[in-house]
Amino acid sequence: MLVSWRREYAHLVTSGAQLLLLFIGVHLRSRNGWLVCLSIMAAISILAWLSALNRLRAIRDTPTSKIASAAQGYVELIGRGQPFGEPMLSKLTALPCLWYRYTVKRQTSNNKWETLDSGESDDSFMLHDDTGICVVDPEQAEILTQHCDKWQKDGYHYTEWKLIPQDRIYVIGQFRTQGGSSMEFDTRAELNTLLTEWKKDMPTLLKRFDLDNSGTLDMQEWMLARSAAQREVTKMMREAQAQPDIHIIGQPRDGKLFLISNFTPEKLSRRFLLWSWAHLAIFFATLVGIGWLLQSVNSS
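These lines cover the structure that appears in this document, whether it is placed above or below. Just so it is clear, the structure is predicted and the values come from calculations on it, not from any experiment.

1. Overview of the packing of aromatic side chains
Evaluation of the coordinates by the stated rule reveals 6 aromatic pairs. Judged by centre distance (5.4 Å) and plane angle (65°), the ring pair of Phe283 and Phe284 falls under edge-to-face. Note on Phe283: relative accessible area 17%, which makes it buried. Across from the ring centre of Tyr74, 4.8 Å away, lies the NZ or CZ of Lys256, which sits over that ring. In this structure, Arg271 packs its charged tip against the face of Phe263, placed 4.7 Å from the ring centre.

2. Points about the side chain of Lys162
Turning to its location among the elements, Lys162 is positioned in strand S10 (residues 156-163). For Lys162, the contacting residues outside a window of four places in its chain are Ser90, Thr93, Leu95, Cys97, Trp99, Tyr100, Thr145, His147, Asp149 and Asn262.

3. Observations concerning the nonpolar core
Ranked by size, the top nonpolar core spans 19 residues in total, and within it Leu77, Val136, Leu163, Val171, Ile249 and Ile260 carry the most contacts. Broken down by secondary-structure element, the contributors of at least two residues to this core are strand S1 (73-82), strand S6 (125-128), strand S7 (133-136) and strand S11 (168-178). Of the residues forming this core, the biggest block, 3 residues, is contributed by S11. With near-sequence residues (within four places) excluded, Leu163 lies in contact with Cys97, Leu98, Trp99, Phe125, Ile143, Thr145, Ile169, Ile260 and Asn262.

What counts and what doesn't
Residues numbered from 1 in each chain as written. Predicted model: local features only at pLDDT ≥ 70, side-chain atom pairs only at ≥ 80, totals over all residues. Heavy atoms only, no water. Phe/Tyr/Trp six-rings, centres within 6.5 Å; stacked < 30°, edge-to-face > 60°. Buried < 20%, exposed > 50% of the residue type's maximum accessible area, 1.4 Å probe, protein only. Lys NZ or Arg CZ within 6 Å of the ring centre and 35° of its normal. Helix = DSSP H or I, 4+ residues; strand = E, 2+ residues; numbered from the N terminus. Contact = heavy atoms within 4.5 Å. Core = buried A, V, L, I, M, F, W, Y, C linked by side-chain atoms within 4.5 Å.

As structure tokens, then:
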């Protein structure tokens, strides 16, 4: 829920909310109305400034890692995006892509746009660099892309954003490696589980280890069964650890920025820097406006 709210908030602070409040203030034509609108604008602007500043710091302060040598935890990766097998097709244009988001709006009788349909894909894709492959899980990520198609037809407005195969992809998020040499293996627990399974098929267990055909397993025969189970567990562990490692990057658990983009980190830094200055300027402008309104009230 928190990450979902943060994504919607990120859309809000970059979607012209301040302009909408200015428009409302103009139409209210009252000091109190202006005070309310300017106060809300100031609150949005300071939150937006903090949001942009946090994103800027995360991008600037997190060094780029190579997939094969990346530490477990919060990392920044850059590579080429590739699908698993055949690329999926985008919702509206049916073009091959790694990820898409879309909206369909209809123009109403009062010339406003009503959203009829929207959504986005959540399929994982692969990120390649010169050292290895990492699975990117885009669920709950903030995604910025330069591929955006917009068109209108028969009173409908269509918008589609995409990441496409071979895009140079920037990802900052939680990196983990599972399987292979990194797999945690509890030998005692696996041994107990295997013995429990064997006990469920007692006739087979007796056939294998009841050497004196007494119908029960004595202490020596039971130790033989445990030794056989131990050998099987050791074999399973070796086979599992021989499997190749799988690297995955996804949503951080601690609420840190999870961003996927086909912009370079330099362009992302400039964008968030400009947003931070713009929101800070709006914040101080609204404070000036509020001060002027309060002064005019007092002077009257």
